[in-house]
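So you can see what is in the structure, the chains are spelled out below.
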Amino acid sequence: MDKKTAIARVNENVGHRLLNGHNTSFANVNASKAVWWLNISPVKFLSALHLLLADDGNNTLTWLRIEANGIPNPAEVFRIRQDTGAIDLEISCRPPTRMIDVKSGGIGYDFSKHLISDWERTTNSSTHRPEVTSNDLPLFANTEVPIQGLHAYLRDDWNIYGFLHKFPSVSMEQALAELERDAREKTRRIIECNKGIAGGVLVFERTDVPVKRMFEYLANLKSLKDFHWDFPDALLEDTHDGVLTAGRILELDAYRGNENGVVHSDRGRVSGSPVFVGTRLPMIFLFEHLAEGKTLKDFRFSYSSADPAQLVNTVEIAGEVLKREFHAAVSG
């Protein structure tokens, strides 16, 4: 079984596109060592991460789900490869150490607490169906739809219209209001105003590092790694979330029809997903790319149709909208 097939199998059982190539890591058993071997970027653990572990010899597929920041400080828990900076895992697939990371250099982390489903893959339709419940989750007013489901859907599908079609009891205004609330809550967690500096400069929480500098680095074809090299006091979690939150705010503006000249949403193009003006390229791809520590130049290499000036302009505008939402959150 390959990654694409495994993702499709889980999504079929769940009933919607929960897993995708971006939020999922896949491994098949290394028969000689009886482990699932994975290399995962530490940044992946800042968002919800799914692990699909196949065992073709025993015809089984195991699904693990690690919530955002569900493993604090993964660099202190797992072995880190010196050549790539990736987390190096060897998850045992046999008792008595099954689901434990047995890689030398790690602390022996037990992944069994993240188990969602462990089922046999058969050719008939009687496979075990993993259940995703909404018990005790906050719901949209006058609906049975968990608010958390909106954020999960956007992470996996990039389109608010698909969510509203699947859950018609939720209104567009309810969904937009929740996205606005979430964006403002995150900006207040990440950023504070240093009133000791003339004009009250916005800085990352508990530091003197200006948020504006991060977006200047990104607009000048540098990466978050470059930024952290020069400003080590800024937390990786905060810069990662700052980049993604700015992207989500630009999406929100596009859904609301606020024109900025670089991003818009048109129901007639890409089913309404916010894209770069004049393209079919979803804008959020850029911010996910930058949050992983890559540069605008890297993004252009992957998406050659992207206009360089448009990308720079988008990043500059992102810094401004993040600042706008911070002030809106504080004044509100």
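Source: prediction; values computed, not measured. (Residues numbered from 1 in each chain as written. Predicted model: local features only at pLDDT ≥ 70, side-chain atom pairs only at ≥ 80, totals over all residues. Heavy atoms only, no water.)

A. A look at the overall build of the protein chain. Helix and strand content of the protein chain: 10 helices and 11 strands. Against the 2.2 N^0.38 benchmark of 20 Å for 332 residues, the protein chain shows a C-alpha radius of gyration of 21 Å, consistent with a compact globule. Expressed as lengths along the three principal axes of its C-alpha atoms, the size of the protein chain is roughly 60 × 45 × 40 Å. Residues counted as buried form 47% of the 332 residues belonging to the protein chain. Residue pairs in contact within the protein chain that sit at least 24 positions apart in sequence constitute 57% of those at least 6 positions apart. Accessible surface, the protein chain as shown: approximately 16300 Å² in total, 50% of it carbon and sulfur. Seen as two clouds, the 38 positive and the 44 negative side-chain charges of the protein chain have centres 3 Å apart. (Helix = DSSP H or I, 4+ residues; strand = E, 2+ residues; numbered from the N terminus. Rg over C-alpha atoms; globule rule 2.2 N^0.38 Å. Buried < 20%, exposed > 50% of the residue type's maximum accessible area, 1.4 Å probe, protein only. Contact = heavy atoms within 4.5 Å. Areas by Shrake-Rupley, 256 points an atom, 1.4 Å probe, with all protein chains shown as cover. Lys, Arg positive; Asp, Glu negative; His and termini not counted. Charge placed at Lys NZ, Arg CZ, Asp CG, Glu CD.)

B. Region of interest: unusual backbone geometry. Geometrically, the link from Pro95 to Pro96 is a cis peptide bond, its omega value of 0 degrees lying close to zero. Here Pro96 shows up in the loop between strand S6 (87-92) and strand S7 (115-120). Even without glycine at this site, Leu221 takes up a positive phi of about 65 degrees. Residue placement: Leu221 occurs in the loop between helix H5 (211-219) and helix H6 (224-230). Leu221 sits in the partly exposed class, given a relative accessible area of 39%. Despite not being glycine, Val270 has its phi angle at roughly 50 degrees, a positive value. Tracing the backbone shows Val270 in the loop between strand S10 (263-264) and strand S11 (275-276).

C. Region of the structure containing the layout of surface pockets. What the second largest pocket holds in volume is close to 830 Å³. Ser41, Pro42, Val43, Leu46 and Leu236 are, among the 32 residues lining the second largest pocket, the residues nearest its centre. Looking at the lining of the second largest pocket, the elements with two or more residues in it are strand S1 (24-30), strand S2 (35-40), H6 and helix H7 (236-256). Of the residues forming the lining of the second largest pocket, the biggest block, 3 residues, is contributed by H6. (1 Å grid on protein atoms, 1.4 Å probe; cavity = no way out; pocket = protein on both sides within 12 Å on 5 of 7 lines; lining within 4 Å. Points joined across faces, edges and corners; volume = space filled by probe spheres on them.)

D. Region of the structure containing the side chain of Asp253. With respect to the secondary-structure elements, Asp253 resides in helix H7. A polar contact is formed between the side chain of Asp253 and the side chain of Arg324, at a distance of 3.0 Å. Setting aside its immediate chain neighbours within four residues, Asp253 contacts Asn258, Val321 and Arg324. (Polar contact = N/O pair within 3.5 Å; in protein donor to acceptor, adjacent residues only side chain to side chain.)

E. The arrangement of helix H8 (residues 284-291) in detail. Within H8, 8 of the 8 residues are buried, which leaves the element mostly enclosed by the surrounding structure. Those residues of H8 that sit buried are Ile284, Phe285, Leu286, Phe287, Glu288, His289, Leu290 and Ala291. Elements in contact with the buried residues of H8: H5, H6, H7, S11, helix H9 (296-302) and helix H10 (308-331). Following H8 by one or two positions, Gly293 has its phi on the positive side, about 95 degrees.

F. Summary view of the pairing of S1. Across 5 bridges, the pairing between S1 and strand S3 (residues 49-55) is parallel. Counterpart to Asn28 in the pairing with S3 is Ala54. Bridge count between S1 and S2: 2 bridges; the pairing is antiparallel. Pairing of Val29 across the sheet is with Trp36, part of S2. In textbook terms, the turn of a hairpin is the stretch between consecutive antiparallel strands, and for S1 and S2 this stretch comprises 4 residues, one of which, Ala34, has a positive phi near 55 degrees. (Pairing = 2+ DSSP bridges.)

G. The arrangement of the confidence of the model for the protein chain in detail. Put simply, the protein chain has an average pLDDT of 86, and 91% of its residues get 70 or more. By mean pLDDT, the top-scoring element of the protein chain is H5 (96), and the lowest-scoring one is S7 (74). Confidence drops under pLDDT 50 across residues 121-135; counting only partners more than four residues distant or on other chains, this segment forms 28 contacts. (pLDDT = per-residue confidence, 0-100.)

H. Local environment of the environment of Arg9. Structurally, Arg9 can be placed in helix H1 (residues 3-14). In this structure Arg9 comes out as partly exposed when scored by relative accessible area, which is 23%. Between the alpha carbons of Arg9 and Ala328 there is a distance of 43 Å; along the sequence they are 319 residues apart.

I. Seen up close, the pattern of salt bridges. Evaluation of the coordinates by the stated rule reveals 24 salt bridges. Across the pair Asp182 and Arg181 runs a salt bridge whose closest N-O atoms are separated by 3.9 Å. The exposure class assigned to Asp182 is buried, which follows from its relative accessible area of 14%. Ionic pairing is found between Lys294 and Glu292, a salt bridge with its closest N-O pair at 3.9 Å. On the accessibility criterion, Glu292 (23% relative accessible area) is partly exposed. (Salt bridge = Lys/Arg side-chain N within 4 Å of Asp/Glu carboxyl O.)

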